[in-house]
4 protein chains.
Amino acid sequence: MPDPPRPPELADQPIVLTWPVQWGDQDAFGHVNNVVYFRWMESARIEYFRQAGIGNAAAQQGTGPILASVKCDFRRQLMYPDTLLISASVTSLGRTSMKMAHRIYSASQKAVAAEGDSTLVLFDYDAQRPVAVSDEIRARLASIEGRSLPASK
Amino acid sequence: MPDPPRPPELADQPIVLTWPVQWGDQDAFGHVNNVVYFRWMESARIEYFRQAGIGNAAAQQGTGPILASVKCDFRRQLMYPDTLLISASVTSLGRTSMKMAHRIYSASQKAVAAEGDSTLVLFDYDAQRPVAVSDEIRARLASIEGRSLPASK
Amino acid sequence: MPDPPRPPELADQPIVLTWPVQWGDQDAFGHVNNVVYFRWMESARIEYFRQAGIGNAAAQQGTGPILASVKCDFRRQLMYPDTLLISASVTSLGRTSMKMAHRIYSASQKAVAAEGDSTLVLFDYDAQRPVAVSDEIRARLASIEGRSLPASK
Amino acid sequence: MPDPPRPPELADQPIVLTWPVQWGDQDAFGHVNNVVYFRWMESARIEYFRQAGIGNAAAQQGTGPILASVKCDFRRQLMYPDTLLISASVTSLGRTSMKMAHRIYSASQKAVAAEGDSTLVLFDYDAQRPVAVSDEIRARLASIEGRSLPASK
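Just so we're clear, the structure is a prediction, and the values are computed from it rather than from any experiment. (Residues numbered from 1 in each chain as written. Chains lettered and ligands numbered in written order. Predicted model: local features only at pLDDT ≥ 70, side-chain atom pairs only at ≥ 80, totals over all residues.)

1. Section: the overall build of chain A
As a reminder, the rule being used: The way it works is that DSSP assigns letters per residue, a run of H or I at least four long becomes a helix, a run of E at least two long becomes a strand, and they are numbered from the N terminus. Within these notes, the globule rule equals 2.2 Å times the number of residues to the 0.38 power, and the radius of gyration is based on C-alpha atoms. Contact criterion: two residues are in contact if their C-beta atoms, reconstructed from the backbone, are within 7 Å.
When you go through chain A residue by residue, the secondary structure sums to two helices and six strands. From first element to last, N terminus to C terminus, chain A shows the α and β order β-α-β-β-β-β-β-α. Computed over the C-alpha atoms, the radius of gyration of chain A is 16 Å, within 12% of the 15 Å expected from 2.2 N^0.38 for a compact globule of 153 residues. Principal-axis analysis of the C-alpha atoms places the extent of chain A at approximately 45 × 30 × 30 Å. Pairs at least 24 apart in sequence give 69% of the contacts found in chain A among residues at least 6 apart.

Shown next, in the form of structure tokens:
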């Protein structure tokens, strides 16, 4: 299918995935189960990191982002079938961490169905400790966002 | 297996599930994937609602709790094999909503591995709108918690 | 993204979904976990039934297909990122049942990564028993397949 | 909770896991979704391999079992809440492969709810090719099964 046009609600989002709702994403309430939203936000984060060239540390080796916290506010129920737009943007940077925002937009409802926030820490899986976000990574993130990023509070 | 003893970190939690980590809960980083924590917190919420006699509305019929927001702070990585204690408590009540807190305790690490918060709205799936938490439900929740519950801010 | 062209390996398949591999579909072995293939085959079956107008019985009410058996032969490991083509076809019909075949094709590997078979029974969820496949449904399935369907052995 | 007593239907099964049904294992039909059965059988296989001392190759390194084929026959619908007994046994051995059988028993229904078969290949993830099952592994498997294992057909 062709990608749906990007709506104004996502105009400021640098990374947007187009994603189908699966029938099996629904639970016994007949709507998409809450855990699926976190899988979707993860997919948008991973795509963001891929584009930023941030190491996708596999199997506890090397350095990569680790999730420290994630939240989702559910605005609307989602059902199969539907096509979603799932976004990720970096909103602020700390010494070893970054904050991201996510939106999940329903093409059938023409509305944002959920909003999320996540905090990631750049993590050395060998040493099992956080590492500083380098100037090179800061520059790449600013380039993707099209602005210099504020410091995390 | 016998249930592990309840640690002091969960002493104030009325509902505690004992739960095995599955090998397949792990992702390509070799630790339990973030979405699994939300499935665990859901299981503790559902058990809480079952004990509270709050209707488990199925398939968009009748009245039951709907998840409005959920957050998880990840403190420690979890791996297979491990046995977890997963808790739920109601911390405050609104007119149509309730706030819950969750802790996920690792028996092998003898530490709280994650903490969560969720906001539930009592929802009429037929009318598709929130309904007030009745005095009867308020009394049942206070009985489970062993205290009168403060109003949600 | 545009749909990849349909390869000769799927030329005889009436229903073909285009599907992204999610990072989180991978397990601690670093490849897509086996259970995900069954979710994909389910999605192709559901789409087939939707096009065939076979009732998608929800929540144990009404009549719809129920899965009696499913098998998957894994030919190649799949990794993120990749785009898949996932097919479903009905291969034979019994009095109350139908057999389906599935193929999962990797666009990046240009090869069939897995093949599956499933047996579905048309089920009356209210009465909790199988019901006969009507002549009307048989005609719709034959129309989708472009041939009259043999009897299941 | 205490483990349920082992029923006669599982008397010949060397590895049996006790497992809770999660509410979220259910789909929009209101019963446990088919993919969950494969996650359960995987958990029983992994526990079997752990007891057999067969390397749990992580992240495509070293040698470990890889799933070549798996099938599940669904006998009964499962719902939350329930406690399951999930078994694994090795039924035959090939040069580089082994066949396993699985049963999923419902404590609430006092019946086998599903039966499965899987074929595993011992795989060198570095070289990406099958390796022969050693005499040492054959002896360990025979010890767990309490009999010498027939050759796979």
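And the narrative resumes.
2. Details of the relation of the copies chain B and chain A
Filter applied, for reference: In this comparison the copies share one frame, found by least squares on the C-alpha atoms of residues holding pLDDT of at least 70 in both.
For the pair chain B and chain A, the relating rotation is 180 degrees, the translation along its axis is 0.0 Å, and the fit reaches an RMSD of 0.0 Å. In short, the pair behaves as if placed about a two-fold rotation axis. For chain B, the minimum C-alpha distance to the rotation axis belongs to Lys71(B) and amounts to 2.0 Å. In this assembly the copies share their binding face: 100% of the residues contributing to the interface of chain B also contribute to that of chain A.

3. Digging into the confidence of the model for chain A
To be explicit about the condition: pLDDT is a residue-level measure of predictor confidence that goes from 0 to 100.
Residues at a pLDDT of 70 or more form 94% of chain A, whose mean pLDDT is 92. For this predicted complex, the interface confidence reaches an ipTM of 0.94, while the overall pTM sits at 0.94.

4. Regarding the interface of chain B and chain A
The test is simple: Amino acids outside the nonpolar list (Ala, Val, Leu, Ile, Met, Phe, Trp, Tyr, Cys, Pro) and the charged list (Asp, Glu, Lys, Arg) are all regarded as polar, and Gly is one of them. Pairing between two strands requires that DSSP report at least two bridges joining them.
Across the boundary between the two partners, chain B contributes 20 residues, which contact 20 residues of chain A. If you list the elements that add at least two residues to the side of chain B that touches chain A, you get α1 (34-52) and β2 (63-74) of chain B. Per-element accounting of the side of chain B that touches chain A gives the leading share, eight residues, to β2(B). The class makeup of the residues in the side of chain B that touches chain A is 12 nonpolar, four polar and four charged. Relative to β2(B), strand β2 (residues 63-74) of chain A runs antiparallel, the two being bridged by five bridges. Note on β2(B): the bridge partner recorded for Cys72(A) is Val70(B).

5. A word on the packing of helix α1 (residues 34-52) of chain A against α1(B)
Applicable threshold: Under this scheme, a helix contributes an axis fitted over its contacting stretch, all axes are lines through C-alpha atoms, and angles between N-to-C directions fall in the 0 to 180 degree range. In these notes the angle categories are as follows: under 35 degrees is roughly parallel, over 145 is roughly antiparallel, 65 to 115 is roughly perpendicular, and the rest is oblique. It is the rotation of the near helix from the far one that decides the hand of a crossing: anticlockwise by less than a right angle makes it left-handed, clockwise makes it right-handed.
Between α1(A) and α1(B), whose axes approach to 9 Å, the crossing angle comes to 165 degrees. One finds that α1(A) runs roughly antiparallel with respect to α1(B). As α1(A) runs across α1(B), the sense of the crossing is right-handed. Only Asn34(B), Val35(B), Phe38(B), Arg39(B) and Glu42(B) of α1(B) make contact with α1(A), whose side of the interface consists of Asn34(A), Val35(A), Phe38(A), Arg39(A) and Glu42(A). Looking at side-chain class alone, the contact of α1(A) with α1(B) contains four nonpolar, two polar and four charged residues.

6. Thoughts on unusual backbone geometry
The condition is simple: Burial is judged by counting other C-beta atoms within 10 Å of a residue's own C-beta: 20 or more means buried, 12 or fewer means exposed, and anything between counts as partly exposed, with every C-beta placed from the backbone.
Residues Tyr80(A) and Pro81(A) are joined by a peptide bond in cis, for which omega reads -5 degrees. Among the secondary structure elements, Pro81(A) is positioned in the loop between β2 and β3 (83-93). Of note, the phi angle at Lys110(C) is positive, near 50 degrees, even though the residue is not glycine. What makes Lys110(C) exposed here is the crowd of 10 C-beta atoms within 10 Å. With a phi angle near 55 degrees, Gln128(C) is a residue other than glycine that sits in the positive phi range. Checked against the element boundaries, Gln128(C) lands in the loop between β5 (111-124) and β6 (129-130).

7. Topic: the environment of Ala142(B)
Residue and element names in this part refer to chain B. Structurally, the position occupied by Ala142 is in helix α2 (residues 135-145). Counting along the chain gives 50 residues from Ala142 to Ser92, while the straight-line C-alpha distance between them is 10.0 Å. Those residues in contact with Ala142 that lie beyond four places of it in its chain are Arg147, Ser148 and Leu149.

8. Remarks on the environment of Ile144(A)
Residues and elements named next belong to chain A. Mapped onto the elements, Ile144 comes out in helix α2 (residues 135-145). You can call Ile144 partly exposed: it has 16 C-beta atoms within 10 Å. For the pair formed by Ile144 and Ala52, sequence separation is 92 residues and the distance between their alpha carbons is 7.4 Å. Residues within four places of Ile144 in sequence aside, it is in contact with Pro14, Gln51 and Ala52.

9. Digging into α1(A)
Residue and element names in this part refer to chain A. Counted only if it meets this: Helix span, as expected, comes to 1.5 Å for every residue beyond the first.
Compared with the 27 Å implied by 1.5 Å per residue over 19 residues, the 28 Å span of α1 between its first and last C-alpha is a close match. With 15 of 19 residues buried, α1 is to be regarded as a mostly interior element. Downstream of α1 by a residue or two, Gly53 has a phi angle that is positive, lying close to 70 degrees.

10. Let's talk about the pairing of strand β4 (residues 97-106) of chain C
All names here are of chain C. The element β4 is largely enclosed, with a buried count of nine among its 10 residues. As paired elements, strand β3 (residues 83-93) and β4 share seven bridges and run antiparallel to each other. Counted as the bridge partner of Ser92 is Lys99 from β4. In this structure, the hairpin formed by β3 and β4 is closed by a connection of three residues. Bridge count between β4 and β5: 10 bridges; the pairing is antiparallel. Bridge pairing links Met98 to Leu120 in β5. Linkage of β4 to β5, two consecutive antiparallel strands, is achieved through a turn of four residues, within which Lys110 is found at a positive phi near 50 degrees.

11. Quick look at the pairing of β3(C)
Bridge analysis of strand β1 (residues 15-20) of chain C against β3(C) gives six bridges, and the strand direction is antiparallel. If you follow Val16(C) over to β3(C), its bridge partner there is Ser87(C).

12. Remarks on the environment of Val112(C)
Residues and elements named next belong to chain C. With respect to the element layout, Val112 can be found in strand β5. For Val112, a count of 18 C-beta atoms within 10 Å translates into the label partly exposed. For the pair Val112 and Arg76, spaced 36 residues apart in sequence, the C-alpha to C-alpha distance is 7.7 Å. Those residues within four positions of Val112 in sequence are excluded, and the remaining contacts are Glu9, Arg75, Arg103, Ile104 and Tyr105.

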